[in-house]
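Read off the chains here:
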Amino acid sequence: MRTDRGFTLLEMVIAVGIFAMVMLSAAMGLSAIQKTWSSITLQNQKFRNLQIIDSVVDSAFRNAIPFAWQDNNRGTSMVFLGDKDKVLLAYQHRINNVADGGIRFISLFLDGGNLVAEYRKTPILPWDEKFNPKDAVREIIAENIRSISFLYADRRSQKLEWSSDWDEKIPDAIPLAIQIKVEWNNGDSEVWMR
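Residues numbered from 1 in each chain as written. Predicted model: local features only at pLDDT ≥ 70, side-chain atom pairs only at ≥ 80, totals over all residues. Heavy atoms only, no water.

Undergrad: Mind showing me how you'd approach a nonpolar patch on the surface here?
TA: Taken together, the side chains of L10, I14, I18, F19, V22 and M23 define a hydrophobic patch exposed on the protein surface, amounting to about 620 Å² of accessible area. In this fold, M23 is placed in helix α1 (residues 9–62). Residue classification places M23 among the partly exposed positions, given a relative accessible area of 44%. (Patch = residues over 30% accessible without salt bridge, like charges linked within 9 Å, V, L, I, M, F, W, Y side chains within 5 Å. Areas by Shrake-Rupley, 256 points an atom, 1.4 Å probe, with all protein chains shown as cover. Salt bridge = Lys/Arg side-chain N within 4 Å of Asp/Glu carboxyl O. Helix = DSSP H or I, 4+ residues; strand = E, 2+ residues; numbered from the N terminus. Buried < 20%, exposed > 50% of the residue type's maximum accessible area, 1.4 Å probe, protein only.)

Undergrad: Is there a simple way to think about the pattern of salt bridges in this case?
TA: Between side chains of opposite charge, a pair can form when the charged atoms approach closely. Counted by the stated rule, this structure contains 10 salt bridges. One salt bridge connects R194 with D54, and the closest N-O pair in it is separated by 2.6 Å. Of this pair, R194 sits in the segment after β12 (189–193) while D54 sits in helix α1, placing them 140 residues apart in sequence. In this structure, R62 engages D58 in a salt bridge whose closest nitrogen and oxygen atoms are separated by 2.7 Å. Note that R62 and D58 are positioned in helix α1 at a spacing of 4 residues, about one turn of the helix. Residue D58 is classed as partly exposed on the basis of its relative accessible area, which comes to 26%. Residues participating in the shared-partner salt-bridge network are D54, D58, R62 and R194.

Undergrad: Would you mind showing me how to read the sheet that holds β12 here?
TA: In sheet architecture, strand pairing relies on hydrogen bonds along the backbone and comes in two forms, parallel and antiparallel. Taken in spatial order, the 4 strands line up as β10-β9-β11-β12 in an open sheet, and their pairing is antiparallel. Here the strands that pair on one side only, and so sit at the sheet edges, are β10 (159–163) and β12. Across this sheet, the average inter-strand angle for adjacent strands is 20 degrees, counted without regard to direction. Sheet topology places strand β9 (residues 145–156) next to strand β11 (residues 177–184); 8 bridges connect them, and they run antiparallel. Pairing of S149 across the sheet is with K181, part of β11. Helix-sheet contacts for α1 involve β9, β11 and β12, and the interaxial angle to β11 is about 160 degrees. (Pairing = 2+ DSSP bridges. Axes fitted to C-alpha atoms, helices over the stretch in contact; angles between N-to-C directions. Contact = heavy atoms within 4.5 Å.)

Undergrad: Can you help me understand the packing of aromatic side chains in this one?
TA: Under the counting rule described, the total for this entry stands at 6 aromatic pairs. With a centroid separation of 5.1 Å and 75 degrees between ring planes, the pair formed by F67 and F105 is classed as edge-to-face. Placement of the pair is F67 in the loop between β1 (64–65) and β2 (68–70) and F105 in strand β6 (residues 103–111), with a sequence separation of 38 residues. With a relative accessible area of 17%, F67 lands in the buried category. These aromatic residues form a ring-pair network of at least three members: F61, F80, F150, Y152 and W166. (Phe/Tyr/Trp six-rings, centres within 6.5 Å; stacked < 30°, edge-to-face > 60°.)

Below, the structure is given as structure tokens:
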């Protein structure tokens, strides 16, 4: 009696079917891993953007100070611009080197879908038409942003009131609080207030 025979057609079909199911399961597992990795990468980028925005807002808004400078009419004006879509202010900065000084000037605005911060050691003057942005350090804080908006708080008639622009004619005053709302391209939005 001969025991050395090959596989039957039915055995081959079953083996190929089992192999196909194993490969399909492996492909589905790899696809799920890839989707999870992409999701984690996107969430990590979003979290990094939120941390950077929070750090800049916390440093600049929390430490904002009234700072006056001579304007074009030889009067003194506050170095503060509070518009709906842009803010410019002076703030106290941690001193690492005494020669750097303890005051910084920052302007936050949206430029081509990017939240941009421009920093200078010398005043960024809202009324100075000769201001050259090349004199400032420019940093992209976050990308993929659809819009930003600022609100400014002031106490009027013993009530806290919010407005979308700051009246720079108020002498020696800056807002009590500043709020920034960032709307991302995917429709999500975040709000910070200091």
